[in-house]
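Report on the structure
Single-letter residue listing:
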Amino acid sequence: MGAEALAVEVAFALPSKQRIVALRVPEGTTARQAVALADLPTLFPDVPGETFAQAPLGIFGKALREPDTHLLRDGDRVEVYRPLAIDPKAARLERAKRQASDPKR
């Protein structure tokens, strides 16, 4: 008996554009392999291809520690996470500095 095909989705979003790619993959496919099969660089030509190859991944909002070895299950949605534009701690510190120096306060 051959390997069973799994129905999975790969999701990626920019502020102005979102895509979910539905795939049928063989049992034993990893999260990282599914991202490669989704061919996201074609759908997002303005995003460097290595972004998808190296990005952190998650399944339904839960980050994967080992996306290169995490085996998918039927119905999984692999989420490709974008890098943060600014570190949240640095942003809070910057806001606090601005508020402390605001003469209106």
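Residues numbered from 1 in each chain as written. Predicted model: local features only at pLDDT ≥ 70, side-chain atom pairs only at ≥ 80, totals over all residues. Heavy atoms only, no water.

**Structural notes on the overall build of the chain**
A tally of helices and strands in the chain yields four helices and five strands. Reading the helices (α) and strands (β) of the chain from amino to carboxyl end gives β-β-α-α-α-β-β-β-α. Taken against the 2.2 N^0.38 rule, which gives 13 Å for 105 residues, the C-alpha radius of gyration of the chain at 18 Å runs more than 25% over that of a compact globule. On the principal axes, the C-alpha backbone points of the chain span a range of 75 × 25 × 20 Å. Taking the contacts inside the chain whose residues are at least 6 apart along the sequence as the reference set, 49% of them involve residues at least 24 apart. Positive and negative charge centroids in the chain, built from 16 and 14 side chains respectively, lie 11 Å apart. (Helix = DSSP H or I, 4+ residues; strand = E, 2+ residues; numbered from the N terminus. Rg over C-alpha atoms; globule rule 2.2 N^0.38 Å. Contact = heavy atoms within 4.5 Å. Lys, Arg positive; Asp, Glu negative; His and termini not counted. Charge placed at Lys NZ, Arg CZ, Asp CG, Glu CD.)

**What to know about the nonpolar core**
Val10, Leu23, Val35, Leu40, Phe52, Val78 and Val80 are the most contacted members of the largest nonpolar core, which totals 22 residues. Mapped onto this core, the elements with two or more residues apiece are β1 (5-14), β2 (17-26), α1 (31-37), β3 (57-59) and β5 (77-80). By residue number, the principal contributor to this core is β1, which donates four residues. Apart from the residues within four sequence positions on either side, Leu40 is in contact with Val10, Phe12, Val21, Val35, Phe52 and Val80. (Core = buried A, V, L, I, M, F, W, Y, C linked by side-chain atoms within 4.5 Å. Buried < 20%, exposed > 50% of the residue type's maximum accessible area, 1.4 Å probe, protein only.)

**Some remarks on the packing of aromatic side chains**
A full pass over the atoms with the stated rule returns three aromatic pairs. Ring geometry for Phe12 and Phe44: centres 4.8 Å apart, planes at 85°, overall edge-to-face. Here Phe12, found in strand β1, pairs with Phe44, found in the loop between α2 (40-43) and α3 (49-54); they are 32 residues apart in sequence, far enough to count as distant. Phe12 sits in the buried class, given a relative accessible area of 3%. Aromatic pair Phe44 and Phe52: ring centres 6.3 Å apart, planes at 45°, arrangement tilted. Note on Phe52: relative accessible area 3%, which makes it buried. (Phe/Tyr/Trp six-rings, centres within 6.5 Å; stacked < 30°, edge-to-face > 60°.)

**Regarding the sheet that holds β1**
Across the sheet, five strands lie side by side as β2-β1-β5-β3-β4; this open sheet has mixed pairing. The sheet is open, and its two borders are formed by β2 and β4 (62-63), each paired with just one other strand. Taken together, the three bridges between β1 and β5 define a ladder with parallel strand orientation. Residue pairing for β5: Val10 is matched across the bridge by Val78. (Pairing = 2+ DSSP bridges.)

**Brief notes about the side chain of Thr29**
Within the fold, Thr29 resides in the loop between β2 and α1. At 2.6 Å, the side chain of Thr29 forms a polar contact with the backbone oxygen of Pro26. (Polar contact = N/O pair within 3.5 Å; in protein donor to acceptor, adjacent residues only side chain to side chain.)

**Looking at the pattern of salt bridges**
In the structure shown here, the tally under the stated rule is two salt bridges. Between Asp68 and Arg32 there is a salt bridge, and its shortest N-O distance comes to 2.9 Å. Taken together, the residues Asp68 in the loop between β4 and β5 and Arg32 in helix α1 connect sequence positions 36 residues apart. In this structure, Arg77 and Glu79 form a salt bridge, with 2.5 Å as the shortest nitrogen-oxygen distance. Residue Arg77 is classed as partly exposed on the basis of its relative accessible area of 24%. We classify Glu79 as buried; its relative accessible area is 12%. (Salt bridge = Lys/Arg side-chain N within 4 Å of Asp/Glu carboxyl O.)

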